[in-house]
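The residues making up each chain are set out below.
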Amino acid sequence: MLSVVFDGQMRVEPDYPRPRRGEGESLIRVTLAGICNTDLEIAAGYMGFRGVPGHEFVGVVQESDDPSLHGQRVVGEINCGCGRCPDCFAGLERHCPQRSVLGILGRDGVFAEYTVLPDRNLHLVPSELEDVAAVFVEPVAAAFEILEQVHLLPTSRVIVLGDGKLGLLIAQVLAMAGCELVLLGHHLPKLEIARGLGIDARLSEQAPSARADVVVECTGSARGLAQAISLVRPRGTLVLKTTVTDKLELDLAPLVIDEITVVGSRCGPFAPALRALARGEIQVGPFVTEQHDLADAARAFDLARQPEALKVLLRP
Ligand SMILES: [Zn+2]
Ligand SMILES: [Zn+2]
């Protein structure tokens, strides 16, 4: 099958073997995939991943042990736990020490004609939700993860630092809690899109003078963290979303002095993300920069790297 492969270099492979499904797994024909910042980091060596990258997708089940899944349009949770360890039994499959992660850790991903996932990872896509919106369910779920972890009050003051795709999604999801929310960024066109969605979006230099109860760092750069720390009030909460290959040196004293709670936040629940997308509560239309054929992946990756790019989609 046609596939993008990363083996130290990102390339398009016309004859990559089609993945074989194991027991309890489905073979899925990928219809649309999204390039995420994590994929760009993988191209820079993140996680030491080798194989087919890509984890944001919508597709159609081609083969499955479960007949009710045949021909269904699905999205899929990306963490695959072993199903046998204490973490998995506790419902923490996302943290299973033996897990594989679609297109990120020990499992081929979705920048290919076909992919494989356990049946239990799959969610049916409601018919009213188009592929171009459904392909966003994974990052929207990652945004909902913050609501699982942090108790946002309608009176909370929240700053989302970073105007990339994830920042724009997080701002929309957290705004549903009714809080007073400001999105800070560096890219005027992206801030403009955010304003179009009803978000108070500003250049970083125009941060509110009062420090926030909750700051979400999703700049996608190692440098964002220092600024994020400076924006949290004493006893406030700092949520970290950025995953980068760069290691950084950081003065942690302000966290101690101001007694700040730091929350690492990664993947989230798909069901609320699908509901919010299907109801139109989360808008993703303005985010799609371009769609490319899979064979054109090199150009799509170049485009996704541009600072002004939002979501670049691949069509296998
Ligand atoms: Zn992603
Ligand atoms: Zn496990």
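Computed from a predicted model, the values in this text were never measured in an experiment.

**Student:** Describe the domain arrangement of the protein chain, with residues and values.
**Tutor:** It is common to give the size of an interface as the accessible area that goes away when the parts come together. We note that the domain assignment places domain 1 (3-136 + 284-315) and domain 2 (140-264) within the protein chain. A straight line from the C-alpha centre of domain 1 to that of domain 2 covers 26 Å. Contact residues are listed per partner, giving 13 residues for domain 1 and 13 residues for domain 2. Broken down by element, the side of domain 1 that touches domain 2 gets its largest block of residues, three residues, from helix H1 (residues 37-43). Grouping the amino acids of the side of domain 1 that touches domain 2 by side-chain chemistry returns seven nonpolar, three polar and three charged.

**Student:** Pulling in residues and values, what's your account of the environment of Glu281?
**Tutor:** Following the sequence through the fold, Glu281 ends up in the loop between helix H9 (270-278) and strand S16 (288-293). Among the residues examined, Glu281 registers 14 C-beta atoms within 10 Å and is labelled partly exposed. The spacing of Glu281 and Glu138 is 143 residues in sequence and 16 Å in space, taken between C-alpha atoms. Leaving out residues up to four positions away in the same chain, Glu281 has contacts with Met176 and Ala276.

**Student:** Quick rundown of the nonpolar core? Include the residues and the values.
**Tutor:** The biggest cluster of nonpolar side chains holds 87 residues, and the ones touching the most others in it are Val140, Val160, Ile170 and Leu277. Among the elements that line this core, the one with the most residues is helix H5 (residues 165-175), at eight residues. Shared between two domains, this core takes at least three residues from each, and those domains are domain 1 (3-136 + 284-315) and domain 2 (140-264). With residues up to four places along the chain from it excluded, the contact list for Val140 reads Leu169, Val173, Ala273, Ala276, Leu277 and Ile282.

**Student:** Describe H5, naming the residues involved and giving the relevant values.
**Tutor:** Here H5 lies mainly inside the structure; 11 of its 11 residues are buried. When H5 is considered as a whole, its buried residues turn out to be Lys165, Leu166, Gly167, Leu168, Leu169, Ile170, Ala171, Gln172, Val173, Leu174 and Ala175. Where the residues of H5 are buried, they touch helix H4 (137-149), strand S10 (157-161), strand S11 (180-185), helix H6 (188-196), strand S13 (212-217) and strand S17 (311-315).

The rules we used
Residues numbered from 1 in each chain as written. Chains lettered and ligands numbered in written order. Predicted model: local features only at pLDDT ≥ 70, side-chain atom pairs only at ≥ 80, totals over all residues. Domains from an automatic or database assignment. Contact = placed C-beta atoms within 7 Å. Helix = DSSP H or I, 4+ residues; strand = E, 2+ residues; numbered from the N terminus. Nonpolar A, V, L, I, M, F, W, Y, C, P; charged D, E, K, R; others polar. Buried ≥ 20, exposed ≤ 12 C-beta atoms within 10 Å, placed from the backbone. Core = buried A, V, L, I, M, F, W, Y, C linked by C-beta atoms within 7 Å.

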